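One letter stands for each residue in the lines below.
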Amino acid sequence: MEIRTRSSGANGNDVLLDDVEFFSCTTDTDGDGILDSVDFDSDNDGIPDFIENTGTLVLASNIDANQNGYDDVYENNTAPIDTDGDLIPDYIDLDSDNDGIFDIEETGQLGILFFDANNDGREDGPFGTNGWTNAAETSPDSGLVNYTPDDVDLDTTFTYIDADSDGDGCSDVLEAGFSDANSDAYLGDVVPTVDINGLVDNASSGYTIPNSDYLDSAPISITTQPLDTAVCEFSTTTIGVVSPEAENYQWELSTDGINWVVISDNATYSGTSSSDLTISNSSLSFNNYQYRVKLVRSGNSCDIYSNEINLTVNELPVVNTPETYMQCDDASNDGQAIFNLTLNQIKEEINTDYIAEGLIFTYYETDNDAQNAINAIQSPENYQDAPGFISETVWVRVENVNGCFRVVPLTLVVNPSSMALRDYNPTPLYQCDDGLDERDGVATFNFSSLRDDISSNVFPTFDVTVHFYESQMDAELEINEIQDISNHQNTNAPISQNIWVRVKSNLGNNCLGLEAFPNFLNVEALPVASAVLIDRQCDFDTTDSDISYPFDTSLVEDWVLNGQSLTDVTVTYDYIDITGIAVSSNTLPNPFLTETQTITITVTNNATQDTDGPCSDSITLEFIVDEQPIITDTIMPQIVCDGDDGDIDNDGMFAFDTSLFASAILGNQSNMEIYFDFFDENDNLITDSPILPNALYSKTQTINVRVVNPVSVNCNASTTIDLIVNALPEFTIDAEYIVCTSDPSFVVELDPIEATSEVFIYEWRWTSLDGTIVNQLLPESTATIVVSTPGTYHVTLIKTDGSNCFRTKDIFVNASEKASITQNDVTIVDFSENNNSVTINSTNLGQGNYEYALVDNGSNFIVYQDEPEFRNVKPGFYTLYVNDKDGCGETTLDISVLGFMKFFTPNNDGFNDYWQIIGLNMDVHANTRILVFDRYGKLLKQVSTSQNGWDGTFNGQLMPTDDYWFKVYLEDGPVFSGHFTLKR
């Protein structure tokens, strides 16, 4: 950096620098490779820096007279402007007015000259070497701008730095569709912060395609504001606003001066969406309500509100309808009189505080005149009505100091002269005793005709009212009037009552007459129809469809009259005969064949003065015939054998299926009930049960069944159901026998032992052991049979009492035999020192149940075992015993177990003097060879089975004490070897 002064000299030419701002000469804000210092458009927003420097279009003159590096038009050298004050100068600020709309958008050339495909606020290019997009210049790198940035409202402020581009009073932020809750005309709801490109970075909206409203000038103004309004209670008023531009209106209401709500058309409000709001039927609760209207115009996103106005609702005066104003007619009796309408008494009746409230009274002949205050009565203090005894109405308008009024009617009446009742003698009335107690001398009378006669004939010239009383005092005092003369009961004077009449004119409370009519109301006594009761009956013939019964009615009339004479009364019977015809007769058939019906019996007096006819008393007599149930189908005896259903066959119980019993007995009688008396499975007596258990576990019993009409339990039918459980034959027999097949003469007798002396049929069957023959019927039918063939025998005993109940038992006759054993059936393991064994192969022994014993020769002690194997057998001679456990016999076999002596002492003492193989048998081992060797393998002796053994010599010489070896060649092939000791 170099700072120069153009003045020469040493003294007095100092340079003073103040508020110096330094800029980097190496900055490339838009990253286009052109340093800002030589970049015509440092932020690539399409607006050249020489416009954004001052916010005005000043073209270069291309003259630098003082050669200081500045074009002379820019000589003032002011700092670049920062329109939005965000510390980012406009020339490198992509949103110079912080309205959320890119400057490139607000040039008006986006999409025409400029393009920003990635919506980053920078022109897409191409750019010249001067860093300016070619599209903005007259030619590439000419440095001459070929467009003028938009100034929509022509206020000399370019749109890109104009907070209200269209000049309609609504900020660009709002009209672009972005948020500005704090109304500072900057994007966002709080004080904005920006990034290095000058873009607001703490807002939730902005920098998207803006609404076009910000370029659409649509101002809204109000030429006439709404005014405070006063209205009378229940009246209608209109509030209006005048705006030459507004397109839509919305009226709002505040009841507290703080909170506002939108109102809509209803019974109270109309025109809520127009310039004029009409408020109807204003109540006092509306007093001090405030109203305002929001004005809306397309293209203006801000709308505006009118002034807030106050509604005052004035109270109407309090009024009451005055009493009828009555005057008496003069002798002319023409119904015309003079009235003073201005009487203070009348005013007080309308409002007792009329003076204090300053009320003004005016008088009119019609309600319409009074409502509109026209055609007032000129002399209300001397007003004459029209001729005739018809009441007239004048109208009083009552107005308070606020000009609010009410209208009340005032009725004017002229009363005629009074006249007395004279020489009027009405005909007495007679009525039969009635009411809750028909024997108390009280009846209900209707003497409306008497009232009508007095009104029409006694006072025919004008309207009167006729009032009736039960005493003179009541009539004089006008108390306790008979309220309903069409339905009056002579409760206070039984049998006969006097009536007082008072006649008054309808035109005034004048008494035109007061008269008594003695014994006017008279009560005639009723005859007595005594109650009769006949027992209900059941249908006497169930073969037809009628439910009827012939009732005995011979005493009915005597019961009804109960001593009254037929000379004084008449008896009438009203009934339906058996053919369905209605009959009214003085006699009742006997017998009376009828279905259920209620007949009416009336006893009537033969004499009366009652114009309605003679008095009578009626009763009803109910003939009830109930349906007689029937047994639709009887249940046949249920006979079973004990155990037929697979249960225990000797408990006398059976699970009977009762599911169809009730339906079979009832048939189609759905209105009947059925009950059963029976013993349950625990032998408890159950009575009147509507159901039977299914299955019913029962012994032999008889169930009593009743079908009952629930309407009348006396109508019933009964039947029984027999449940019979026949016992099976009882007998015992051994379940298992044995036959010895090895003994052809061996047989067994099969003999069942019967528990009773009954006679049975016997049936024998046989099933072979291998199952190839099953249940083969044997020819024998005797009580016992003799058999020798093994297998399963089935004996069945069948009862001969007609039940055919039977019981079968099985007898297993098993086969057994004496064993057959040979040497081939025995396996002997010998020469094994202490591990010798004898094993019998039982496969070929026979079909017996065998046990085994191994007995040493010379022993008589035999111990049998079930296992056919003997272990740890000493060498020697034995007898093998095989015994059939079932008694078919015993078989023996002699065997020997081979072994050798471990040592011998040939000293001629008679003990162990010879060495020999133990267990050799001449019969079995005759050709067996035994060779004896010394330890060196020299053959010393060959011993045969017929010899006693080796005596310990060789060629007559005694052999010394030592171990010697042997080898045995058995006749049947096996070879054994070993060694033994000779001791001297």
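Keep in mind it's a predicted model, so treat the numbers as computed, not measured.

This part is about the overall build of the protein. When its secondary structure is counted, the protein shows 9 helices and 60 strands. A compact globule built from 984 residues would reach a C-alpha radius of gyration of about 30 Å, whereas the protein, at 71 Å, exceeds it by more than 25%. On the principal axes, the C-alpha backbone points of the protein span a range of 190 × 170 × 50 Å. Relative to its 984 residues, the protein shows a buried fraction of 40%. A fraction of 58% describes how many contacts in the protein between residues 6 or more apart in sequence connect residues 24 or more apart. Accessible area for the protein stands at about 51900 Å²; split by element, carbon and sulfur atoms hold 49% of it. Charge centroids of the protein, computed over 33 positive and 164 negative side chains, lie 28 Å from each other.

Quick look at the sheet that holds strand β49 (residues 869-871) now. On the basis of which strands lie adjacent, the open sheet formed by 3 strands has the order β46-β47-β49 and antiparallel pairing. Strands with a single pairing partner mark the edges of an open sheet, and in this sheet they are β46 (826-829) and β49. Direction aside, the axes of adjacent strands within the sheet are offset by 10° on average. In this structure, β46 lies alongside strand β47 (residues 837-840), joined through 4 bridges in antiparallel fashion. Its bridge partner being in β47, V829 is matched across the sheet by S837.

The next point concerns the side chain of D95. Tracing the chain through its elements places D95 in the loop between α1 (49-52) and α2 (103-106). Of note is the side chain of D95, whose polar atom sits 2.9 Å from the side chain of Y207. In this view, D95 contacts D84, G100, I101, D103, N197, G198, L199 and Y207; residues no more than four positions away in its chain are not counted.

Working note: non-glycine residues mostly have negative phi, and peptide bonds are mostly trans. Cis geometry marks the peptide bond from G125 to P126; its omega dihedral reads 10°. One can find P126 in the loop between α2 and α3 (172-175). Omega for the peptide link from N590 to P591 comes to 0°, which places this bond in the cis form. Within the element layout of this structure, P591 appears in the loop between β25 (582-585) and β26 (592-595).

All right, on to the nonpolar core then. Counting 23 residues, the largest nonpolar core has I51, F102, Y147, Y160, F178, L187 and Y207 as the members making the most contacts within it. Setting aside chain neighbours within four positions, we find Y147 in contact with G46, I47, P48, T107, Q109, L113, F114 and A136.

The computed volume of the second largest pocket comes to approximately 490 Å³. Lining the second largest pocket are 20 residues, and of these Q823, I828, V924, H925 and D972 sit closest to its centre. Taken together, the elements giving at least two residues each to the lining of the second largest pocket come down to β46, β50 (876-884) and β51 (889-897). Its residues placed into classes, the lining of the second largest pocket shows 10 nonpolar, 6 polar and 4 charged.

One pass over the full model with this rule turns up 18 salt bridges. E478 is paired through a salt bridge with R502; the nearest N and O atoms lie 3.4 Å apart. Taken together, the positions of E478 in the loop between α7 (472-477) and β19 (488-489) and R502 in strand β20 (residues 496-505) put the pair 24 residues apart, joining distant regions of the chain. Residue class for E478 comes out partly exposed when judged on its relative accessible area of 30%. Residue class for R502 comes out buried when judged on its relative accessible area of 10%. Members of the salt-bridge network, linked through shared partners, are E252, R292 and E308.

Looking now at the sheet that holds strand β2 (residues 237-240). Where strands meet in a sheet, backbone hydrogen bonds hold them as pairs that are either parallel or antiparallel. What the 3 strands build is an open sheet, ordered β2-β6-β5; its pairing is antiparallel. Every interior strand has two partners, whereas the edge strands, β2 and β5 (269-270), have only one.

A few words now on the packing of aromatic side chains. Geometrically, a pair of aromatic rings is defined through the distance of the ring centres and the angle of the planes. One pass over the full model with this rule turns up 30 aromatic pairs. Aromatic side chains Y354 and F361 sit 5.7 Å apart centroid to centroid with 80° between the ring planes, which places their arrangement in the edge-to-face category. Given a relative accessible area of 9%, Y354 falls into the buried group. Seen from their ring centres, F517 and F520 are 6.0 Å apart, and the 50° between their planes marks the pair as tilted.

We now examine a nonpolar patch on the surface. There is a patch of nonpolar side chains on the surface, built from M473, L477 and I479 and spanning about 300 Å² of accessible area. Along the chain, the position of L477 falls in helix α7.

The subject of this paragraph is the UniProt feature "domain: PKD" (unreviewed entry) in the protein. This chain's UniProt record puts "domain: PKD" (unreviewed entry) on residues 764-820. Along residues 764-820, the helical share is 0% and the strand share 51%, with 34 Å between the first and last C-alpha atoms.

Before going further, it helps to examine the state of the cysteines. Per the counting criterion, the structure on display carries 6 disulfides. The residue that forms a disulfide with C432 is C615, at a sulfur-sulfur distance of 1.9 Å. An S-S torsion of about -100° defines the bridge between C432 and C615 as left-handed. With C432 in strand β16 (residues 429-432) and C615 in the loop between β27 (597-605) and β28 (616-623), this residue pair connects regions lying 183 residues apart in the sequence. What makes C615 buried here is its relative accessible area of 1%. A disulfide bridge connects C740 with C888, and the sulfur atoms are separated by 1.7 Å. Disulfide C740-C888: the torsion about the S-S bond is -90°, which places it as left-handed. Of this pair, C740 sits in strand β38 (residues 736-740) while C888 sits in the loop between β50 and β51, placing them 148 residues apart in sequence. The class for C740 is buried, based on a relative accessible area of 5%.

Moving on, we get to the environment of P80. Residue position: P80 is located in the loop between α1 and α2. Separated by 121 residues in sequence, P80 and D201 have C-alpha atoms that sit 23 Å apart. P80 has contacts with N53, P89 and Y91, leaving out every residue within four places of it along the chain.

Attention now goes to the side chain of Q628. Relative to the assigned elements, Q628 resides in the loop between β29 (625-626) and β30 (638-641). For Q628, a relative accessible area of 19% puts it in the buried group. At a separation of 2.8 Å, a polar atom in the side chain of Q628 contacts the main-chain carbonyl oxygen of N716.

Our next topic: the pairing of β28. Side chains D617, I619, L621 and F623 of β28 all project onto a buried face; the interleaved residues S616, S618, T620 and E622 project onto a face where none is buried. Both β27 and β28 contribute to a ladder of 8 bridges, which runs antiparallel. Each bridged residue has a counterpart across the sheet, and for T604 the counterpart in β28 is S616.

Glancing now at the confidence of the model for the protein. Of the residues in the protein, 95% have a pLDDT of 70 or more, and the chain-wide mean is 90. In the model, residues 1-10 has pLDDT below 50 throughout and makes 8 contacts with residues more than four positions away in sequence or in other chains.

We now examine the environment of A176. By secondary structure assignment, the location of A176 is in the loop between α3 and β1 (229-232). For A176, a relative accessible area of 2% puts it in the buried group. Those residues within four positions of A176 in sequence are excluded, and the remaining contacts are I101, P210, N211 and Y214.

Attention now goes to the pairing of β2. Across the two faces of β2 the burial differs, with T237 and I239 buried and T238 and G240 not buried at all. Pairing of β2 with strand β6 (residues 276-279), which is carried by 4 bridges, proceeds in the antiparallel orientation. Looking at β6, one finds that T238 is bridged to T278.

Analysis parameters
- Residues numbered from 1 in each chain as written.
- Predicted model: local features only at pLDDT ≥ 70, side-chain atom pairs only at ≥ 80, totals over all residues.
- Heavy atoms only, no water.
- Helix = DSSP H or I, 4+ residues; strand = E, 2+ residues; numbered from the N terminus.
- Rg over C-alpha atoms; globule rule 2.2 N^0.38 Å.
- Buried < 20%, exposed > 50% of the residue type's maximum accessible area, 1.4 Å probe, protein only.
- Contact = heavy atoms within 4.5 Å.
- Areas by Shrake-Rupley, 256 points an atom, 1.4 Å probe, with all protein chains shown as cover.
- Lys, Arg positive; Asp, Glu negative; His and termini not counted.
- Charge placed at Lys NZ, Arg CZ, Asp CG, Glu CD.
- Pairing = 2+ DSSP bridges.
- Axes fitted to C-alpha atoms, helices over the stretch in contact; angles between N-to-C directions.
- Polar contact = N/O pair within 3.5 Å; in protein donor to acceptor, adjacent residues only side chain to side chain.
- Core = buried A, V, L, I, M, F, W, Y, C linked by side-chain atoms within 4.5 Å.
- 1 Å grid on protein atoms, 1.4 Å probe; cavity = no way out; pocket = protein on both sides within 12 Å on 5 of 7 lines; lining within 4 Å.
- Points joined across faces, edges and corners; volume = space filled by probe spheres on them.
- Nonpolar A, V, L, I, M, F, W, Y, C, P; charged D, E, K, R; others polar.
- Salt bridge = Lys/Arg side-chain N within 4 Å of Asp/Glu carboxyl O.
- Phe/Tyr/Trp six-rings, centres within 6.5 Å; stacked < 30°, edge-to-face > 60°.
- Patch = residues over 30% accessible without salt bridge, like charges linked within 9 Å, V, L, I, M, F, W, Y side chains within 5 Å.
- UniProt positions renumbered as here; feature names shortened; annotations may be inferred.
- Disulfide = S-S within 2.5 Å.
- pLDDT = per-residue confidence, 0-100.

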